[in-house]
Amino acid sequence: MSGNLPGGRLLGGKIVAGCLAPHPPHLVYAENPPQNEARSECGWETLRWGYESLRANLDRLAYDVLVILSPHWRTYVGTHVLACPQFKGLSVDPIFPHLFRYNYDMKVDVDLAKAIARQGQDAGLEMKLMQNQDFRVDYGTIVSGHLLNPKWDKPIVGISSNAAAAYFNVDVMQENMIRLGQATRKAIEASGKRAVVVASNSLSHRHFTKEPPVPEDMSYEHIAHHGQYLWDMKMIELMKQGRSRDLISLIPDFTEQAASETDSGALTWMLSALDFPSKPAKVHAYGTVIGTGNAIVEWSEL
Ligand SMILES: [Fe+2]
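Each value, and the rule that gives it
- Residues numbered from 1 in each chain as written.
- Predicted model: local features only at pLDDT ≥ 70, side-chain atom pairs only at ≥ 80, totals over all residues.
- Helix = DSSP H or I, 4+ residues; strand = E, 2+ residues; numbered from the N terminus.
- Buried ≥ 20, exposed ≤ 12 C-beta atoms within 10 Å, placed from the backbone.
- Axes fitted to C-alpha atoms, helices over the stretch in contact; angles between N-to-C directions.
- Left-handed = near helix turned anticlockwise from the far one by under 90°.
- Contact = placed C-beta atoms within 7 Å.
- Nonpolar A, V, L, I, M, F, W, Y, C, P; charged D, E, K, R; others polar.
- Pairing = 2+ DSSP bridges.
- Parallel < 35°, antiparallel > 145°, perpendicular 65-115°, else oblique.

**Concerning unusual backbone geometry**
Of note, the phi angle at A62 is positive, near 50°, even though the residue is not glycine. Along the chain, the position of A62 falls in the loop between α2 (45-61) and β2 (65-75). When the 8 C-beta atoms within 10 Å are taken as the criterion, A62 is described as exposed. Of note in this structure, W152 is not a glycine but carries a positive phi near 50°. Its location among the elements puts W152 in the loop between α4 (139-148) and β7 (156-162). We classify W152 as partly exposed; it has 17 C-beta atoms within 10 Å.

Structure, rendered in C-alpha cells:
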C-alpha cells in the first residue's frame, strides 16, 4: 500500500471488510466499559460474544479506519460527514438514559471524510461536511464504534443517514445509497487506506413498550413477534447465500413490514460499497434486544 499515482492518489486503498454492526446501547451497558456511567450485571451475551468474534477477525485484517453510517444521525437535506479531527463529549441515549451515558472521545479521518464527500458530490449527491467542533455525535455511531473497537485507537469516518425513505420513499433512498456506496468505495480506493465499512442498523425493529424491572433480566428477552423473526431469517439466509442483490431488492418490503432500521440506507450503502458481494457472509450472531432483531455479520476475505 505505498507509492503515488499522478495527482497525488495513493496506491492500494481497499475495503477489507463490510460489517452489519447494530447499535443497541444495551450491549455497551452489559459490558460495563469505563466510558459508560451505568452499571449492569450481565446481559445479551449471544450478541456480545458475536461482537467479540467479529472484533478478532477485524484485528486480523489490520484495518486503518472504520467508516460508519448511522441511522441515528438523520439529515433531511443531503448526507453529512463528520469532519473535525476529534469529537469528545457525553452521549446520553434519549430512550434509555438509565443504560447509556457514555463519555466518548473519537478521532476522525478528516482526509477520507472529505474525499467521500467529494466523490458523493461528483456522483450528484448533496453532501455536507460537519465541521462544528461542539457537534454531539449520535449514539448509533458511538455504540457501533465502541463494539467494533472499544479502545478507539483507530480513526472513524461518520456518515449521516439521509432521510429519503421518510421524505420521499424507500426506492429513492436505495438509489441514493447505492450511489453513495460507489462514491465511498472510490474514495477509499484512492486513499491508500484499508477501510472497514459499517452499517449500524438492526434488522426487524419492533420494540417492547415496557422494560422489565431489571433491564438485563434475560428471561424477558425475545423477538417482538414471529412475523418479525421470519423476516430476519429470510434476510440472514440471503446474506449466508451471498445473494446481496436479491437482499437489496427485498429491502423496500422488509423495511415496511419489519419496521426495520434499513430505512436508514445503511445496509444498502454498505453492500453497494462492497459492490454487492456474491461470497457468503459470515454471521457471527443473531439476537434480540428489547424485542428487536439484531444480526452481527461480516463480509471479508477471511
Ligand atoms: Fe437504533
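There is more to say after this.
**Observations regarding the packing of helix α6 (residues 170-191) against helix α8 (residues 244-257)**
The axes of two packed helices give the description: the angle between them and the distance between them. It is at 10 Å that the axes of α6 and α8 come closest, and there the two elements cross at 145°. Considering the relative orientation of α6 and α8, their crossing is right-handed. Of α8, the residues touching α6 (which contributes V170, D171 and Q174) are I248, I251, P252 and T255. Residues of the contact of α6 with α8, tallied by class, amount to four nonpolar, two polar and one charged.

**Some remarks on the pairing of β7**
Counting buried positions along β7 yields seven of seven residues, so the element is predominantly enclosed. Where β2 lies against β7, six bridges are found, and the strand directions are parallel. Residue pairing across strands places L66 opposite I156, the latter belonging to β7.

**Quick look at the packing of helix α7 (residues 226-240) against α8**
Close contact between α7 and α8 brings their axes to 11 Å; oriented N to C, the two are set at 165°. On the basis of their axis angle, the class for α7 and α8 is roughly antiparallel. For the element pair α7 and α8, the recorded crossing hand is left-handed. Between α7 and α8, the contacting residues are W231, M235, L238 and M239 on the first element and D246, L247, F254 and Q257 on the second.

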